[in-house]
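The primary structure of each chain is shown beneath.
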Amino acid sequence: MSDREISADPFASIWKFFASVRLTIVLLLTLAATSIIGTLIPQNESPEAYFRTFGPFLFRLFDVLGLFDMYHSWWFQSLMLLLAANVLICSIERLSSTWRIIFVKHPSFNVERFRRLKPKEEFSDSRNAGALRDSYPAVIARSFRYWRVEEIDNSGFAVYGEKGRWTRLGVYIVHLSVILMLVGGVIGSIFGFEGFVNIAEGDSAQQIRLRNSGEMRTLDFAIRCDDFDVSFYETGAPKEFRSRLTILEQGKPVLSKDIIVNDPLHYNGISIFQSSYGQLAPQDQGLTPAGEVTLSFTSK
């Protein structure tokens, strides 16, 4: 049986597939493209709104593909896990060579490699080779942690210096941070939840409405809005809106914080963001909309 007829080790084939940089590029481009789709198609809207916007055929197609809640879909989570596995295996694949460079006792140097470098400087010295050999190592030793002198074909010598071996591990720290972000995103997507609630000044709420299902979820604590302020630019556009929130445990305040956009309040693993503001409708406050309002004045 020839070597071509012998099937390769399945584990080696899988390892080679995940160690490919091409796979990294494909996954990154795919995630970028799907993120654009998730931006163009509003996420977690009501089915009625999607049906009116896209019609019956596209509504069914997008619903099957999970495009209405894309970031919680199984295929988007799979893409992030594939990218995390790809980055991890690529790092392991190249770690052995990097390890040998960092922890080698006597690194090898190739003088021709340094001669071919473009960023270099050449100059002549009138002193003889013996005087240079005695003076240059002391200069190199002050700037480099490792150095040595090598003879070059009995025609001269070279002084090598090296420092910063540990900087080669920086790329693995970056890779580890990417893996943690991807895995954390998947865990949050599977086990986390996202909801919303309108809270007027002075009111508190303990129930939120989940975005993906519309169901009500009761929190282990209550959220009270003590104050709300909004500032505007001269053009009338909103400049900043700020909410002063208090966390209540069994009716007692345990934490207070002013939050603005992208500066949430974190409590018990839950992040409370400020998403929008506006006038509260009567039904938002548990009141029945009325066609008219009666005002009563008392003169003193």
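Residues numbered from 1 in each chain as written. Predicted model: local features only at pLDDT ≥ 70, side-chain atom pairs only at ≥ 80, totals over all residues. Heavy atoms only, no water.

Asks: Looking at this structure, I do not really get the overall build of the chain. What am I missing?
Replies: Each helix and strand counted, the chain has seven helices and nine strands in total. Computed over C-alpha atoms, the radius of gyration of the chain comes to 32 Å, more than 25% over the 19 Å expected from 2.2 N^0.38 for 300 residues, which places it beyond the range of a compact globule. Its C-alpha atoms give the chain principal-axis dimensions of about 110 × 70 × 45 Å. Expressed as a percentage of its 300 residues, the buried residues of the chain come to 25%. (Helix = DSSP H or I, 4+ residues; strand = E, 2+ residues; numbered from the N terminus. Rg over C-alpha atoms; globule rule 2.2 N^0.38 Å. Buried < 20%, exposed > 50% of the residue type's maximum accessible area, 1.4 Å probe, protein only.)

Asks: I would appreciate a short explanation of the packing of aromatic side chains in the present structure.
Replies: Aromatic ring pairs: the centre-centre distance and the angle between the two ring planes describe each pair. Summed over all chains, the structure comprises 16 aromatic pairs. Arranged with centres 6.1 Å apart and planes meeting at 80°, the rings of Phe 62 and Phe 68 form a pair that is edge-to-face. According to the relative accessible area criterion, Phe 62 is buried, its value standing at 15%. Summarising the aromatic geometry, the rings of Phe 228 and Phe 241 are spaced 6.4 Å apart at their centres and angled 45° between planes, so their arrangement reads as tilted. (Phe/Tyr/Trp six-rings, centres within 6.5 Å; stacked < 30°, edge-to-face > 60°.)

Asks: Honestly, the environment of Ile 272 in this entry has me stumped. Any pointers?
Replies: Considering the arrangement of structural elements, one finds Ile 272 in strand 9 (residues 270-272). Separated by 75 residues in sequence, Ile 272 and Val 197 have C-alpha atoms that sit 10 Å apart. Residues in contact with Ile 272, not counting those within four places in the same chain, are Phe 221, Ile 223, Leu 245, Ile 247, Ile 259, Pro 264 and Leu 265. (Contact = heavy atoms within 4.5 Å.)

Asks: Would you explain the pattern of salt bridges in this entry?
Replies: Any two side chains of opposite charge can pair, so long as their charged atoms come close to each other. Summed over all chains, the structure comprises eight salt bridges. The salt bridge partner of Arg 148 is Glu 150, with a shortest N-O separation of 2.5 Å. (Salt bridge = Lys/Arg side-chain N within 4 Å of Asp/Glu carboxyl O.)

Asks: Whenever I open this one, the pairing of strand 5 (residues 216-232) confuses me. Can you help?
Replies: For a regular strand, side-chain orientation follows a simple rule: the groups alternate between the two sheet faces. Strand direction decides the pairing type here: strand 4 (residues 204-210) and strand 5, joined by five bridges, are antiparallel. By the bridge assignment for strand 5, Arg 209 is matched with Met 216. Here strand 5 pairs with strand 6 (residues 238-249) via 10 bridges, running antiparallel. When the sheet's bridge partners are listed, Phe 228 is paired in strand 6 with Ser 243. Where strand 5 folds back on strand 6, the antiparallel hairpin that results is connected by five residues, among which Gly 236 adopts a positive phi of roughly 100°. (Pairing = 2+ DSSP bridges.)

Asks: I tried to follow the packing of helix 2 (residues 21-40) against helix 4 (residues 74-103) on my own but got confused; where do I start?
Replies: Helix-helix packing: each pair is described by the crossing angle between the helix axes and the interaxial distance. In the contact formed by helix 2 and helix 4, the axes pass within 10 Å of each other and the chain directions differ by 155°. Our classification of the angle between helix 2 and helix 4 gives roughly antiparallel. Seen from above, helix 2 lies across helix 4 with left-handed handedness. Residues Val 21, Leu 23, Thr 24, Leu 27, Leu 28, Thr 30, Leu 31, Thr 34 and Ser 35 of helix 2 touch helix 4, and the partners they reach there are Trp 75, Phe 76, Leu 79, Met 80, Leu 82, Leu 83, Asn 86, Cys 90 and Arg 94. Per-class residue counts for the contact of helix 2 with helix 4 are 12 nonpolar, five polar and one charged. (Axes fitted to C-alpha atoms, helices over the stretch in contact; angles between N-to-C directions. Parallel < 35°, antiparallel > 145°, perpendicular 65-115°, else oblique. Left-handed = near helix turned anticlockwise from the far one by under 90°. Nonpolar A, V, L, I, M, F, W, Y, C, P; charged D, E, K, R; others polar.)

Asks: Just checking my understanding: could you explain the sheet that holds strand 7 (residues 252-259) for this structure?
Replies: The strands that make up a sheet pair up through hydrogen bonds in the backbone, lying either parallel or antiparallel. A sheet is described by the order of its strands in space; here five strands give the open sequence 3-4-5-6-7, paired in antiparallel fashion. The open sheet has two edge strands with one neighbour each: strand 3 (195-196) and strand 7.

Asks: So what exactly am I meant to see when it comes to the confidence of the model for the chain here?
Replies: Regions with low pLDDT carry predicted coordinates that are not meant to be interpreted in detail. Mean pLDDT over the chain: 83, with 91% of residues reaching 70 or higher. Below a pLDDT of 50 lies the segment residues 1-7, which in the model reaches one contact outside its immediate sequence neighbourhood of four places, other chains included. (pLDDT = per-residue confidence, 0-100.)

Asks: Just to check I follow, could you spell out the pairing of strand 4 for this structure?
Replies: Pairing of strand 3 with strand 4, which is carried by two bridges, proceeds in the antiparallel orientation. From the neighbouring strand, Gly 195 faces strand 4, where its bridge partner is Leu 210.

Asks: Would you mind showing me how to read the side chain of Glu 162 here?
Replies: Structurally, Glu 162 is set in strand 2 (residues 157-162). When neighbours within four sequence positions are excluded, Glu 162 is seen to be in contact with Pro 107, Phe 109, Phe 144, Arg 145, Tyr 146 and Arg 168.

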